[in-house]
Amino acid sequence: MTAVTPRRTLTMGVVICAYTFDRWDDVLAAVASVRSQTLTAREIVVVVDHNPDLYDRLRSALHDVTVVENRKQRGLSGGKDTGVEVTSSDVVAFLDDDAVAHPDWLRHFHDAYTDDNIVGVGGTTLPLWESSRPRWFPKEFDWVLGCTFTGREPGPVRNLLGGNASFRREVFSVAGGFPSHIGRTSAQSRPLGCEETEFCVRVNQHRPDWTFVFEPRAVIWHRVPAARETFSYFRSRCFAEGLSKAAVTRSVGVADGLSVERSYTTRTLTRGVARGFGDALRGDRTGIERSCAISVGLLAAAAGYARGGAPLRRRPVTAEAR
């Protein structure tokens, strides 16, 4: 009888990137939620993005946490890369500074690494509304809030969502870090993103045999302030997403950069529009509003993509481009 080799227990580290005093209470709540995990994090790192006063205050307040300054270019990508550098755990998990994790969050991440070829695991991000979900806001567009959207299925995925994700350490040595030319910085007014999309696509271009997995039981709650509950923010965030997707396709090519977006548009959004009209026929007048919001969001994203000057054809990926 062949002996079964037990699966090695992976060590887990958590990185939280912070940048503003406006989220002071949020950062403390995020750290507290990591301290309360049923699977203890080997290390908790808070990376402060070029804000010396915030760095000093967090160092004084978080005695049991490693607080460091961003050693890279200003922005979320630089903060994450710094976090990877200063940790030593087998798996590095990222948690948004305005989110809190379920007590079993890390455990579900850990247990999803069932195969050596699984190099990244992401979880479910639920909106934590300051007031309540606007009745017009379609769940298909919860990504606008940094949350998991309707239509994302458990199992292998092209990319993880950056505020609730974990990666084996070796992916960074193979593919490098997060892109500094994509995503948002504290100096930007436009809500850009997609740095984790470009990173995951680039990883798969280097190692097609590696897999990213969506584990829905790894849950966090992401705070949604009142300013993000407005239709104007919804529209501007969709436009910014189009700009970001244009940057992604310039980096990794159209075929890989938009592979998921095509099916999301033709299947998830089409069903969402039909569902909204169906709700309206059953007496829910806001169903039409949700259908219209889906259409406006799609058009805004398309406009942003066009404004971003993205290529229309796939660009061959070369070693220099990577």
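Residue positions are given per chain, counting from 1 as you read along its sequence in written order. Only residues with pLDDT of at least 70 are given local features in this predicted model, and only at 80 or more are side-chain atom pairs given and counted; all residues enter the totals for whole chains, interfaces and linings. Think of the side-chain values as coming from all heavy atoms in the structure, minus any hydrogens and water.

Asker: It is not clear to me how the overall build of the protein should be interpreted in this structure. Could you clarify?
Answerer: The secondary structure listing takes helices from DSSP runs of H or I that are at least 4 residues long and strands from runs of E that are at least 2 residues long, numbered from the N terminus. Within the protein, the regular secondary structure consists of 10 helices and nine strands. Only protein chains enter the area calculation, which uses a 1.4 Å probe; residues under 20% of their type maximum are buried, those over 50% are exposed, and those in between are partly exposed. Put simply, the protein has 322 residues, and 55% of those count as buried. For this analysis, residues touch if any pair of their heavy atoms sits within 4.5 Å. Restricting the contact set of the protein to residue pairs at least 6 apart, pairs at least 24 apart contribute 75%. Just so you have it, the protein exposes about 14,900 Å², and 53% of that area is on carbon and sulfur atoms. The Shrake-Rupley method, run with a 1.4 Å probe sphere, supplies the accessible areas, and residue values consider only the shown protein chains as cover.

Asker: What is the right way to read unusual backbone geometry from this model?
Answerer: Peptide bonds are mostly trans, and most non-glycine residues show a negative phi. One non-glycine residue, His 50, lies in positive phi territory at about 50°. Its location among the elements puts His 50 in the loop between β2 (43–48) and α2 (52–61).

Asker: Is there a simple way to think about helix α1 (residues 24–35) in this case?
Answerer: Along an α-helix, residues three or four positions apart point the same way, because every turn accommodates 3.6 residues. Each helix should span, by expectation, one fewer than its residue count multiplied by 1.5 Å. With 12 residues, α1 extends 17 Å between its outermost C-alpha atoms, agreeing within 8% with the 16 Å of an ideal straight helix rising 1.5 Å per residue. Regarding α1, the residues found buried are Trp 24, Asp 26, Val 27, Ala 30, Val 31, Ser 33 and Val 34.

Asker: How do you make sense of the pattern of salt bridges when you look at a structure like this?
Answerer: Pairing between side chains becomes possible if they bear opposite charge and their charged atoms approach one another. Criterion for a salt bridge: a side-chain nitrogen of Lys or Arg within 4 Å of a carboxyl oxygen of Asp or Glu. Overall, the coordinates contain 16 salt bridges when judged by the stated rule. The partner of Arg 133 in a salt bridge is Asp 142, with the nearest N and O atoms 2.8 Å apart. Between Arg 275 and Glu 140 there is a salt bridge, with the nearest N and O atoms lying 2.5 Å from each other. With Arg 275 in helix α9 (residues 259–281) and Glu 140 in the loop between β6 (118–129) and β7 (155–157), the pair connects residues that are 135 residues apart, well separated along the chain. Residue classification places Arg 275 among the partly exposed positions, given a relative accessible area of 41%. Through salt bridges that share partners, Asp 279, Arg 282, Asp 284 and Arg 290 make up one connected network.

Asker: I tried to follow the packing of aromatic side chains on my own but got confused; where do I start?
Answerer: What describes a pair of aromatic rings is the distance from one ring centre to the other and the angle between the planes of the rings. Ring pairs shown here join Phe, Tyr and Trp side chains whose ring centres sit within 6.5 Å, with only the six-membered ring taken for Trp; geometry is labelled stacked below 30 degrees between planes, edge-to-face above 60, and tilted in between. Across all of its chains, the model carries 21 aromatic pairs by this definition. Taken together, a centroid distance of 5.3 Å and an interplanar angle of 90° make the contact between Phe 167 and Phe 199 edge-to-face. You can see Phe 167 sitting in strand β8 (residues 164–168) and its partner Phe 199 sitting in helix α6 (residues 195–206), a full 32 residues away along the chain. With respect to burial, Phe 167 and Phe 199 carry one shared label: buried. Members of the aromatic cluster, joined through ring pairs, are Trp 129, Trp 136, Phe 137, Phe 141, Trp 143, Phe 149, Phe 231, Phe 234 and Tyr 264. The ring of Trp 24 has Arg 57 sitting right over it, with the charged end atom 3.9 Å from the ring centre. Charge over a ring is defined by NZ of Lys or CZ of Arg lying within 6 Å of the ring centre and within 35 degrees of the ring normal. Just above the ring of Phe 178 sits the side chain of Lys 80; from NZ or CZ to the centre is 5.1 Å.

Asker: Help me out: how do you make sense of the nonpolar core in this one?
Answerer: Nonpolar side chains in soluble globular proteins generally cluster together in the buried interior. Val 14, Val 46, Leu 58, Leu 95, Trp 105 and Leu 106 are the most contacted members of the largest nonpolar core, which totals 36 residues. Per-element accounting of this core gives the leading share, five residues, to α1. Setting aside anything within four residues of it in sequence, one finds Trp 105 in contact with Val 14, Val 34, Gln 37, Ala 93, Phe 94, Leu 95, Asn 164, Ala 218, Val 219 and Ile 220. Counting 23 residues, the second-largest nonpolar core is a separate cluster that includes Val 15, Val 45, Phe 199 and Phe 214. Buried Ala, Val, Leu, Ile, Met, Phe, Trp, Tyr and Cys residues form a nonpolar core when they are joined through side-chain atoms within 4.5 Å.

Asker: Sorry, what's going on with the environment of Ala 246 here?
Answerer: Here Ala 246 is to be found in helix α7 (residues 231–252). Note on Ala 246: relative accessible area 0%, which makes it buried. As a C-alpha pair, Ala 246 and Gly 304 span 58 residues in sequence and 8.0 Å in three-dimensional space.

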